[in-house]
Amino acid sequence: MKIGIYGAGSLGTIMGAYLSQQYAGVDLIDTNRAHIEALNTTGAHVIGPDLTQAVHAIHPDDITEMYDIVLLLTKQVYNEPVLAKVRTILKEDGILVSLQNGVPEEFIQQQIPRERIIAGSVEFGATYVGPGESRLTSDYEHFKTYAMQIGELDGKKTDRIIHLKEILDHIGGTEISDNLPGTKWSKLVINSTFSGLSAACNGTYGDVLDHPVLLRAAIHTMQEVVEVGHAHGIIFAPMSTFEPAAYATLDAIDEKLSTVPQLMHGSRDLEASMLQDLQKGQPTEIRFINGIVTMYGNTYDIKTPFNSLIQEIVEEAQAAKTVPNFETSVARFAALLNA
């Protein structure tokens, strides 16, 4: 069996390390030549559990084999050329597993036949440290218990989804969802809120959780995503102890201000990949994360001022090839809250 991890950055390096412990035919596919060389020379080094594993890494241009399974982890900003490549390397009966942030499956189906797609949601965090190295930023025990959710697009529990779960369980705990849109939108609540605010404020999730203004802004951001999702016909799926439907309104906000830090405690050290992109001067996925919320908000005539402000701050920094100033961003969210 051949497995390709397309986009072997922070998350893909960790997945590749654990899968390579069990399977010989795993390729970590990436465009970073220095990263590829380090992976092939010294192995994949996972910081946190302190694992170094021999792996095989390859550039997309150098692929000569076909894959039974491709785990898609690239950023959505590159989907058009990446999916064109995937079409050429996926076996006729192969499966594309979409593990991207946001809700990209509608676009993916325009490039890859629907029946060859399984979608999922990554529930752990990681940071790219340097060539060959990735740091697990989620609690290790939580990661081994609950790392991913996967599911067929029609919600059926098929033989292939059960087999895929058995494979991915070698990485970390994997659950099968019978409500993939609900699963992806539930993850979008977290991404829009905490990845968005992390990028917009140049801080970790913990920095957001510990600041009274940003924590309150987070509650408002979550509420907007849930309201827009409901208008779009989404039935939000529970994620571990997180029940997104509970955030459909701003009722009991003091209770939410208390429960959200508990909910996100295991992710305090996470730094959004969008912030890492800003630090590197690279394009972010902001229009595929908070931008999706504002887009559907406009469609259904729902106001989304907090998601819009997050998108505005990140896009300003992206255009200027800089990172936001923490205190300046806090002031902008405070003004919005006061309004």
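Residues numbered from 1 in each chain as written. Predicted model: local features only at pLDDT ≥ 70, side-chain atom pairs only at ≥ 80, totals over all residues. Heavy atoms only, no water.

Enquirer: Sorry if this is basic, but what is going on with the overall build of the protein here?
Expert: When you go through the protein residue by residue, the secondary structure sums to 14 helices and 12 strands. Rg of the C-alpha trace for the protein: 19 Å, near the compact-globule value of 20 Å for 339 residues, within the 12% margin. Counting only C-alpha atoms, the protein reaches 55 × 40 × 35 Å along its principal axes. Each of the 339 residues in the protein was classed as buried or not, and the buried ones make up 57%. If you take every contact in the protein between residues at least 6 apart in sequence, the share linking residues at least 24 apart comes to 72%. Just so you have it, the protein exposes about 14000 Å², and 49% of that area is on carbon and sulfur atoms. Each charge class in the protein was averaged separately, 24 positive and 42 negative side chains, and the resulting centres sit 3 Å apart. (Helix = DSSP H or I, 4+ residues; strand = E, 2+ residues; numbered from the N terminus. Rg over C-alpha atoms; globule rule 2.2 N^0.38 Å. Buried < 20%, exposed > 50% of the residue type's maximum accessible area, 1.4 Å probe, protein only. Contact = heavy atoms within 4.5 Å. Areas by Shrake-Rupley, 256 points an atom, 1.4 Å probe, with all protein chains shown as cover. Lys, Arg positive; Asp, Glu negative; His and termini not counted. Charge placed at Lys NZ, Arg CZ, Asp CG, Glu CD.)

Enquirer: Sorry, what's going on with the side chain of Asp30 here?
Expert: Topologically, Asp30 is positioned in the loop between β2 (26-29) and α2 (33-42). A distance of 3.1 Å separates the side chain of Asp30 from the backbone nitrogen of Ala8, its partner in a polar contact. (Polar contact = N/O pair within 3.5 Å; in protein donor to acceptor, adjacent residues only side chain to side chain.)

Enquirer: Is there a simple way to think about the sheet that holds strand β10 (residues 133-136) in this case?
Expert: Think of a sheet as strands paired side by side through backbone hydrogen bonds, with each pair either parallel or antiparallel. Here four strands make up an open sheet; going across it, the order is β4-β3-β10-β9 and the pairing mixed. A single partner strand is all that each edge strand has here, and the edge strands are β4 (51-53) and β9 (126-130). For this sheet, the mean inter-axis angle between neighbouring strands, taken without regard to orientation, is 25°. Inspection of the sheet shows β9 paired to β10 by four bridges, in the antiparallel sense. Its bridge partner lying in β10, Tyr128 is registered against Ser134. Of the strands in this sheet, β3 (44-47), β4, β9 and β10 are in contact with helix α1 (residues 10-22), which crosses β4 at around 70°. (Pairing = 2+ DSSP bridges. Axes fitted to C-alpha atoms, helices over the stretch in contact; angles between N-to-C directions.)

Enquirer: I'm lost on the UniProt feature "domain: Ketopantoate reductase N-terminal" (unreviewed entry) in the protein in this one. Help?
Expert: Summarizing the sequence annotation, UniProt attributes the feature "domain: Ketopantoate reductase N-terminal" (unreviewed entry) to residues 3-138 in the numbering used throughout. Secondary structure within residues 3-138 divides into 28% helix and 35% strand; the distance between the first and last C-alpha atoms comes to 25 Å. (UniProt positions renumbered as here; feature names shortened; annotations may be inferred.)

Enquirer: Sorry if this is basic, but what is going on with the sheet that holds strand β5 (residues 56-58) here?
Expert: The mixed open sheet is built from eight strands, whose spatial order is β5-β2-β1-β6-β7-β8-β11-β12. Looking along the sheet, the strands with just one partner apiece sit at the ends: β5 and β12 (174-176). Averaged over all neighbouring strand pairs, the angle between strand axes comes to 25°, with direction disregarded. Bridge analysis of strand β7 (residues 90-98) against strand β8 (residues 117-122) gives three bridges, and the strand direction is parallel.

Enquirer: What is the right way to read the environment of Arg87 from this model?
Expert: As for its position among the elements, Arg87 is in helix α3 (residues 79-89). In this structure the C-alpha to C-alpha distance between Arg87 and Pro113, which are 26 residues apart in sequence, comes to 9.6 Å. In this structure Arg87 touches Gln111 and Ile112, once residues within four positions along its chain are discounted. Here the side chain of Arg87 touches Gln111 through a polar contact of 3.0 Å, side chain to side chain.

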